[in-house]
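# Chain and residue survey
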Amino acid sequence: MGSLSEDTVRIVHELGGLQCRCGRLKEKGLTFCRRCYFLLPRPLQKALCKLLADGYVEAYAAAVKYIDEERPTMECDDERDDRQPGDEDTRG
Ligand SMILES: [Zn+2]
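Treat the numbers as computed from the prediction; the structure is a model and nothing was measured. (Residues numbered from 1 in each chain as written. Predicted model: local features only at pLDDT ≥ 70, side-chain atom pairs only at ≥ 80, totals over all residues.)

Here we take up the overall build of the protein. Summing up its helical and strand segments, the protein has four helices and zero strands in all. Mapped in sequence order, the helices and strands of the protein form the string α-α-α-α. Across the 92 residues that make up the protein, the buried fraction comes to 12%. Expressed as a percentage of contacts within the protein between residues at least 6 apart in sequence, the contacts between residues at least 24 apart total 24%. (Helix = DSSP H or I, 4+ residues; strand = E, 2+ residues; numbered from the N terminus. Buried ≥ 20, exposed ≤ 12 C-beta atoms within 10 Å, placed from the backbone. Contact = placed C-beta atoms within 7 Å.)

Here the focus is the nonpolar core. Grouped together as the largest cluster of nonpolar side chains are nine residues: Ile11, Phe32, Cys36, Leu39, Leu40, Ala59, Tyr60, Ala63 and Ile67. Mapped by element, the contributors of at least two residues to this core are α2 (34-39) and α4 (56-69). Among the elements that take part in this core, α4 stands out by supplying four residues, more than any other. Aside from chain neighbours lying at most four places away, what touches Leu40 is Gln45, Ala63 and Tyr66. (Core = buried A, V, L, I, M, F, W, Y, C linked by C-beta atoms within 7 Å.)

Counting through the fold element by element, Pro41 comes out in the loop between α2 and α3 (42-47). Assessed through the 12 C-beta atoms surrounding it within 10 Å, Pro41 is described here as exposed. In sequence terms Pro41 and Tyr66 are 25 residues apart; their C-alpha atoms lie 8.9 Å from each other.

Below, the discussion takes up the environment of His13. In this structure, His13 sits in helix α1 (residues 6-16). Classification of His13 by C-beta neighbours within 10 Å gives exposed; the count is 9. In the structure, His13 is positioned 16 residues away from Gly29 in sequence and 9.7 Å away in space, judged by C-alpha atoms.

Next up on the list: the confidence of the model for the protein. Taken over all residues, the pLDDT of the protein has a mean of 81, while the share at 70 or more is 75%. Here α1 stands out as the least confident element of the protein, with mean pLDDT 87; α2 is the most confident, with 94. (pLDDT = per-residue confidence, 0-100.)

Moving on, we get to α4. Taking 1.5 Å as the rise per residue, α4 with 14 residues should run 20 Å; its terminal C-alpha atoms sit 20 Å apart, in good agreement. Regarding α4, the residues found buried are Ala59, Tyr60, Ala63 and Ile67. The buried residues of α4 occupy an angular sector of 100 degrees when the element is viewed end-on, so they sit on one face. Away from the buried face of α4 by more than 90 degrees, exposed residues Glu58, Ala61, Lys65, Asp68 and Glu69 are located. Contacts from the buried residues of α4 go to α1, α2 and α3. Positive phi shows up at Arg71, right after α4, with a value of about 35 degrees. (Expected span 1.5 Å × (residues − 1). Arc of directions from axis to C-beta.)

Along the chain, Gln45 turns up in helix α3. When neighbours within four sequence positions are excluded, Gln45 is seen to be in contact with Tyr37 and Leu40.

Shown next, in the form of structure tokens:
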């Protein structure tokens, strides 16, 4: 076994944690929270099923890059849950 790169160590740590890189809760053992995960295109989602020794780190990097650079309209639907009810155009 060679020595693990810093990236690998961080990724493994993240996998075992409960916080997604976006700050939301995720399940232990998963790379991202559901929200981030479903932002990814299918090939990237599949790539994240790889084992660490089998390209997972590369898949992770690609997924993060995708989320950071593409970030397809994260502010749609369920972001509204954070708003107060009745927070509409009442100010005219
Ligand atoms: Zn997330």
